[in-house]
Amino acid sequence: MHQDTVRAKAFAMPLTSPAYPAGPYRFRNREYLIITYRTDPQKLRDLVPEPLQVVEPLVKFEFIRMPDSTGFGDYTESGQVIPVSFGGRKGSYTHCMFLNDHPPIAGGRELWGFPKKLASPTLRTETDTLVGTLNYGPVRVATGTMGYKHRAADLASVKASLAEPNFLLKIIPHVDGTPRICELVEYHLEEINLQGAWTGPAALNLWSHALAPVAELPVLEIVSAIHIVADLTLALGKVVHDYLAEAEPRHRKGRIHELAD
């Protein structure tokens, strides 16, 4: 295979049979259960990377069903998202994500820097209750519940919140184990078709786990909960901060030399 062919085909691994296709990535009938809770403010500050700023001591625990995802298939996801600000703009920082499908794990980590790990989340309706669960292996680490469609939410404000910027910490190691890429990435959800949104009473329980430490941000108070169904496109991102460029001069010189090679 000629080098030019390698360069032309090299958007994902493996080269001859990529784990995921090139975008765009369109999601239809994407269903969210998002429970917002108050937590320990110091623990949040210890986890959120600068230059992001913690706005309030809040965490959004999300359970997301994605039955129709272009290139990624049918899967479920769960994780913690933290409201932040960046340069005076309000947005969200994705702290951790757990899902049950390899292509979006590989694509999410390689393209955007989503902090995805393999686990077993679910989101379903049980009679009058929307139920989200997260198991890591055989161990339950999170259960969220919400009354099913108790009250309609304001669609304009929900759509505006979905369109806010989202931030990720993308880390790609060099072959010697040092960071080759360490960047703050911004991405947006686009072409949002909001089918419906509802609120209701909610509860959230988290349990300690060595490799799925969601309970390190403890639930002190449930603030709100929302159930959303929408079609949307996951846009590609852009780098808004390069941590390695802020390193000591000798590190910058070494990285520039490596990139030139």
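It should be emphasised that the depicted structure is a prediction, and the values quoted were computed from it without experimental measurement. (Residues numbered from 1 in each chain as written. Predicted model: local features only at pLDDT ≥ 70, side-chain atom pairs only at ≥ 80, totals over all residues. Heavy atoms only, no water.)

Undergrad: I keep staring at the UniProt feature "active site" (unreviewed entry) in the protein chain and nothing clicks. Help me out?
TA: Those residues carrying the UniProt feature "active site" (unreviewed entry) are Lys116 in this numbering. By the element assignment, Lys116 lies in strand E6 (residues 116–118). By relative accessible area, Lys116 is classed as buried at 5%. (UniProt positions renumbered as here; feature names shortened; annotations may be inferred. Helix = DSSP H or I, 4+ residues; strand = E, 2+ residues; numbered from the N terminus. Buried < 20%, exposed > 50% of the residue type's maximum accessible area, 1.4 Å probe, protein only.)

Undergrad: Help me understand the pattern of salt bridges in this model?
TA: Once their charged atoms are close, side chains differing in charge can pair, the charge on each being opposite to the other. Evaluated as defined, the whole model comprises 8 salt bridges. A salt bridge links Asp4 to Arg7; the nearest nitrogen and oxygen atoms lie 2.5 Å apart. Within this pair, Asp4 and its partner Arg7 are both found in helix H1 (residues 3–9), separated by 3 residues, close to a single helical turn. Take Asp4: its relative accessible area is 45%, and that puts it in the partly exposed class. Given a relative accessible area of 56%, Arg7 falls into the exposed group. (Salt bridge = Lys/Arg side-chain N within 4 Å of Asp/Glu carboxyl O.)

Undergrad: Would you explain helix H3 (residues 102–112) in this entry?
TA: Owing to its 3.6 residues per turn, the α-helix aligns residues three or four sequence positions apart on the same side. Within the sequence span of H3, burial applies to Pro103, Pro104, Ile105, Ala106, Gly107, Gly108 and Trp112. Where H3 ends, the next residue or the one after it, Gly113, has phi of about 100 degrees, a positive value.

Undergrad: Explain the state of the cysteines here, please?
TA: Each disulfide consists of a covalent bond between the sulfur atoms of two cysteine residues. Counted by the stated rule, this structure contains 0 disulfides. With no disulfide of its own, Cys96 has Cys182 as its nearest cysteine by sulfur position, at a separation of 18 Å. On the accessibility criterion, Cys96 (11% relative accessible area) is buried. (Disulfide = S-S within 2.5 Å.)

Undergrad: Got a minute to help me understand unusual backbone geometry in this structure?
TA: In most cases, non-glycine residues show a negative phi, while peptide bonds are predominantly trans. In the segment running from Met13 into Pro14, the intervening peptide bond is cis, with an omega of -10 degrees. Considering the arrangement of structural elements, one finds Pro14 in the loop between H1 and strand E1 (25–38). The omega angle of the peptide bond from Gly23 to Pro24 is 10 degrees, so this bond is cis rather than trans. Mapped onto the fold, Pro24 is located in the loop between H1 and E1. A positive phi angle, close to 55 degrees, is found at Asn29, a residue other than glycine. Along the chain, Asn29 turns up in strand E1. Of note, Lys149 is a non-glycine position whose phi angle comes to about 50 degrees, a positive value. Residue position: Lys149 is located in the loop between strand E9 (139–147) and strand E10 (151–152). Residue Lys149 is classed as partly exposed on the basis of its relative accessible area, which comes to 35%.

Undergrad: What is the right way to read the sheet that holds strand E8 (residues 129–136) from this model?
TA: Whenever strands of a sheet pair, they do so through backbone hydrogen bonds, lying parallel or antiparallel. What the 4 strands build is an open sheet, ordered E7-E8-E9-E14; its pairing is antiparallel. If you trace the sheet from one side to the other, it starts and ends with strand E7 (120–126) and strand E14 (202–206), each paired once. Recorded for the sheet is a direction-independent mean angle of 10 degrees between the axes of neighbouring strands. By the bridge criterion, 8 bridges tie E8 to E9 in an arrangement that is antiparallel. Following the sheet pairing, Val131 is matched in E9 by Thr145. (Pairing = 2+ DSSP bridges. Axes fitted to C-alpha atoms, helices over the stretch in contact; angles between N-to-C directions.)

Undergrad: Where do I start with the packing of aromatic side chains in this structure?
TA: For the structure on display, the rule yields 9 aromatic pairs. Ring centres 5.6 Å apart and planes at 65 degrees place the aromatic pair Tyr25 and Trp112 in the edge-to-face group. Of this pair, Tyr25 sits in strand E1 while Trp112 sits in helix H3; the two residues are 87 residues apart in sequence, bridging distant segments of the chain. Overall, Tyr25 belongs to the buried group, its relative accessible area being 2%. The exposure class assigned to Trp112 is buried, which follows from its relative accessible area of 1%. Relative to Tyr136, the ring of Phe98 has its centre 6.2 Å away and its plane inclined at 90 degrees; by these criteria the two rings are edge-to-face. A residue pair is termed long-range when its members are at least 10 positions apart, and Phe98 in strand E5 (residues 89–99) and Tyr136 in strand E8 qualify at 38 residues. One aromatic cluster is present, formed by Tyr25, Phe27, Phe72, Trp112, Phe114 and Tyr187 through successive ring pairs. Cation over ring: Lys116 sits above Phe114, and NZ or CZ is 4.9 Å from the ring centre. The aromatic ring of Trp198 is capped on one face by Lys149, whose charged end is 4.2 Å from the ring centroid. (Phe/Tyr/Trp six-rings, centres within 6.5 Å; stacked < 30°, edge-to-face > 60°. Lys NZ or Arg CZ within 6 Å of the ring centre and 35° of its normal.)

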